[in-house]
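Below are the chains, spelled out letter by letter.
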Amino acid sequence: MRIEVAAVTLANAPALAAAGAAALAAGDCEFDFGAVSRADSSAVALLLDWQRSAQAAGRSLRLVNLPPAVIELADLYGVAPLLGLAPVAPHPAGHHPQP
């Protein structure tokens, strides 16, 4: 499923959750975030929800083109390994990315 929004936020997370659930039910386990340029912590919650659903169905979730901010948030929250994401390299002292 290609995520066709520029931003994943609390405002559109419920609709995206439903669309993702439908995609997973149809057997589509690849989620492409190529169109997404901004995301808040709602994106991490979505990924965890879709991961649980995929695992319950005996499938593997595949995440493509995740924005760096989403990977950094998942790493910050300690859930990157649950999503199969590699940890983010440490940032130089005093530099913190803006999600």
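Residues numbered from 1 in each chain as written. Predicted model: local features only at pLDDT ≥ 70, side-chain atom pairs only at ≥ 80, totals over all residues. Heavy atoms only, no water.

> Quick question: what am I supposed to make of the pattern of salt bridges here?
Applying the stated criterion across every chain yields a total of four salt bridges. Of the charged contacts in the structure, one is a salt bridge between Asp 32 and Arg 2, with a shortest N-O distance of 3.4 Å. Of the two residues, Asp 32 is situated in strand β2 (residues 30-32) and Arg 2 in the segment before β1 (7-8); the sequence distance between them amounts to 30 residues. Across the salt bridge formed by Asp 49 and Arg 52, the nearest N and O atoms sit 3.9 Å from each other. With Asp 49 and Arg 52 both in helix α2 (residues 41-56) and three residues apart, the pair spans about one turn of that helix. (Salt bridge = Lys/Arg side-chain N within 4 Å of Asp/Glu carboxyl O. Helix = DSSP H or I, 4+ residues; strand = E, 2+ residues; numbered from the N terminus.)

> Would you explain the side chain of Asn 12 in this entry?
With respect to the element layout, Asn 12 can be found in the loop between β1 and α1 (13-25). For Asn 12, a relative accessible area of 19% translates into the label buried. Among the polar contacts made by the side chain of Asn 12, one reaches the main-chain carbonyl oxygen of Ala 7 at a distance of 2.7 Å. Other than its neighbours up to four places away in sequence, Asn 12 contacts Val 5 and Ala 7. (Buried < 20%, exposed > 50% of the residue type's maximum accessible area, 1.4 Å probe, protein only. Polar contact = N/O pair within 3.5 Å; in protein donor to acceptor, adjacent residues only side chain to side chain. Contact = heavy atoms within 4.5 Å.)

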